[in-house]
Amino acid sequence: MRTHYPRTPHLPWSPGAAADDVRAAGFGGPAGCEVVVTEKLDGENTTLYADGLHARSLDSGHHPSRAWVKGLQSRIGAGIPAGWRVCGENLYARHSLPYEDLDSWFYGFSVWDGEHCLDWDRTVSFLHGLGVPTPRVLWRGVFDERALRRLRLDTTRQEGYVVRTVASFTRADFGRCVAKWVRGGHVQTDTHWMYAQVVPNGLGPQAPLWAVRSGSEPDAAQLTAALGPEPAPGSGAGPIVQGAGPVLAGDGPVLSGVEPVVAEVAGRLDASGRTGEARLAGVLAALLHRAPRARIGARLAAGPLGMPLARRVADLVGLHPYLQRPFPDEGRRAGLVRMALAADLGVLHALAGATAAGDPEARECVEWSALFAEEAGLLGPDPLGPLRTGLRDALGGLGADAADRCWAQAREAFGGGGVRTAEEAVAATWRWRDGRFPRLVQLCGPSGSGKSTYARSLPGVAAYISLDDLRAARGSRADQRANADVLREGLDRLDAALAAAAATGGTVVWDATSLTEQQRGLAGAVARRRDALVTQAVVLVEEAELVRRNAVRSHPVPAEVLATQLHRFSPPYPGSGTAHRIRYIGAGGTVEDTAGSIGAPTRTASAGAAAGAGAGAGVAVAVGEDG
């Protein structure tokens with residue numbers, strides 16, 4: 001069944017309301033409700049279904065500006081459930097406003113299940129899963145007319161804004177839950193856009209990324225350009241794609257052997273039904289599969305991807321070779337469950353299979369691993385989701401630390417086959433529910449990355465053990481000759497501090513570079529003896545920024561030492577066994593991603609409130625739910 005999009009009423013203070021427009025007189029419906037304000041885009045209202053589309057008019061016919069969005073519908077239609085519809089703006093043709101920096105020629109703004117509009121957060125999640133961007137959020141909070149009236153737009157570049165309730169609503173309540181503000185004199189042309197020559201709006205640098213998310217054939221050169229410019233010469237960092245000079249969008253040769261791998265991975269992901277972020281992560285991992293993993297995470301996190309997607313791409317690059325090697329079957333399930341915490345196993349096997357094409361033995365290992373994972377029910381997008389959700393619901397009254405400690409125990413038992421259901425996981429994790437265990441925050445990252453600055457801002461820390469401080473107490477923090485003695489003293493202090501913190505549930509910080517799994521394992525072994533909850537705070541800062549910071553530090557390390565650290569740095573994988581959870585710290589010194597937490601607090605209008613929760617553990621609460 002086809003359904004036209006309702007007419008959106010104008011806010012009382014909207015200067016663009018014409019005589020025949022619908023007005024939201026008083027607009028008192030959202031009073032006391034949380035609303036979100038998004039930019040109103042100047043395009044053609046369009047509705048997509050699983051099996052077709054139409055513009056605002058149900059019988060809208062062919063127009064050249066609709067050809068591209070028809071192609072989009074053909075790619076993403078399979079992901080739209082029967083009875084659902086995606087409403088958005090077709091921005092291919094220029095109307096009254098020219099756009100030069102669009103992420104896509106289609107932006108979605110609402111998703112409907114029959115007569116019910118999904119809540120805003122679910123809308124964004126669903127659309128991004130399809131590979132469809134959403135309009136920019138200008139404001140969010142409890143409805144406040146004065147705050148909305150104070151919003152200022154550049155009306156030479158912006159048409160207006162739309163206000164809607166964050167909560168879901170029915171079609172019958174549309175006029176009480178949605179309203180718009182439109183600039184005065186919006187239509188400034190004599191000829192209607194449909195009868196004028198079609199002039200496409202301009203796409204921005206991130207458009208190739210959104211195209212891959214939505215199922216387009218990836219272009220390796222355009223994707224390389226979309227990842228952002230390389231650091232300036234002399235910064236200490238070379239091109240992220242190894243083996244050749246910079247690849248310019250649409251010009252010049254792509255690395256030999258990369259483009260076929262990218263195409264094959266895309267095909268494998270399409271066959272497995274992967275879209276959105278999962279598809280983009282796999283394609284970018286194929287593009288960058290020869291680059292150093294640590295460099296990928298820091299470099300991409302500083303660019304347009306952000307930390308969550310950047311570290312997933314890096315983990316795919318680092319983990320996929322393990323699937324190409326023989327592995328004992330008796331430990332395979334546990335190993336795959338650990339990998340599932342770091343990566344989508346369907347994407348990981350697609351990457352491993354594509355890069356093993358020329359090696360029959362490696363290809364056979366990947367195929368056997370995929371068969372095993374499929375039979376174990378681990379190849380889906382979130383194989384641990386039901387276990388995590390059931391356990392989280394059952395432990396809803398626990399604090400974040402106790403719940404995460406139970407989740408870590410449940411994952412381990414699930415990997416070993418001792419736990420299959422959430423009910424069994426609840427029974428198996430009883431000993432951690434009282435929270436009476438010490439907490440260890442283990443810092444990981446090269447010198448100058450900001451580890452100490454982050455850690456010293458944590459509240460509720462009972463003991464702080466810094467190897468640099470121990471060296472300084474011996475005469476010089478730069479003196480590396482007594483490293484063995486310093487490490488031994490540090491581990492002894494750590495053991496004593498964790499023992500003292502056991503009764504109170506206090507937090508101990510271990511401040512060292514902890515660059516490798518072996519180094520992390522030394523403190524980890526002490527933590528295991530004391531049954532501590534281990535949180536690794538991994539700082540990912542790109543090389544050029546580290547070089548700059550080191551030059552202005554009060555205690556800089558020699559350039560060759562920093563270079564050696566960067567070469568050795570191997571960030572921990574989620575599920576690796578040396579930590580129960582991981583916090584990823586960006587160049588700004590704040591937590592930008594998490595892994596190993598059972599869930600997150602409900603998002604509120606105050607980001608600070610979410611970040612402050614769980615401060616007693618000495619770490620920030622997860623901003624998102626992750627394995």
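A.B. asks: Before we go on, may I ask you to explain the packing of helix α9 (residues 293-301) against helix α10 (residues 307-319) in this structure?
C.D. replies: Angle between the axes and distance between the axes: these two values describe a pair of packed helices. Two elements in contact, α9 and α10, have axes separated by 8 Å at closest approach and are oriented at 165°. With respect to each other, α9 and α10 are oriented roughly antiparallel. Crossing geometry of α9 relative to α10 is assigned as right-handed. Contacts from Arg293, Ile296, Gly297, Leu300 and Ala301 in α9 reach Met307, Ala310, Val313, Ala314, Asp315, Val317 and Gly318 in α10.

A.B. asks: How do you make sense of unusual backbone geometry when you look at a structure like this?
C.D. replies: Peptide bonds are, in most cases, trans, and in most cases residues other than glycine have a negative phi. For Ser514, which is not glycine, the phi torsion reads 45° and is therefore positive. Mapped onto the fold, Ser514 is located in the loop between β13 (507-511) and α20 (517-529). When its relative accessible area of 3% is taken as the criterion, Ser514 is described as buried. Here Asp531, not a glycine, exhibits a phi torsion of approximately 55°, which is positive. Tracing the backbone through its elements, the reader meets Asp531 in the loop between α20 and β14 (533-539).

A.B. asks: Before we go on, may I ask you to explain empty space enclosed by the protein in this structure?
C.D. replies: One way to see where empty space is left: roll a probe the size of a water molecule over the atoms. Applying the stated rule across the entire model yields two cavities of 30 Å³ or more. Roughly 70 Å³ of volume is contained in the largest cavity. Forming the walls of the largest cavity are Arg293, Ala294, Gly297, Arg311, Ala314, Asp315, Leu540, Pro571 and Tyr584. Broken down by secondary-structure element, the contributors of at least two residues to the lining of the largest cavity are α9 and α10. Of the residues that constitute the lining of the largest cavity, the class distribution is five nonpolar, one polar and three charged. The volume enclosed by the second largest cavity comes to roughly 40 Å³. Grouping the amino acids of the lining of the second largest cavity by side-chain chemistry returns six nonpolar, five polar and two charged.

Thresholds applied
Residues numbered from 1 in each chain as written. Predicted model: local features only at pLDDT ≥ 70, side-chain atom pairs only at ≥ 80, totals over all residues. Heavy atoms only, no water. Axes fitted to C-alpha atoms, helices over the stretch in contact; angles between N-to-C directions. Helix = DSSP H or I, 4+ residues; strand = E, 2+ residues; numbered from the N terminus. Parallel < 35°, antiparallel > 145°, perpendicular 65-115°, else oblique. Left-handed = near helix turned anticlockwise from the far one by under 90°. Contact = heavy atoms within 4.5 Å. Buried < 20%, exposed > 50% of the residue type's maximum accessible area, 1.4 Å probe, protein only. 1 Å grid on protein atoms, 1.4 Å probe; cavity = no way out; pocket = protein on both sides within 12 Å on 5 of 7 lines; lining within 4 Å. Points joined across faces, edges and corners; volume = space filled by probe spheres on them. Nonpolar A, V, L, I, M, F, W, Y, C, P; charged D, E, K, R; others polar.

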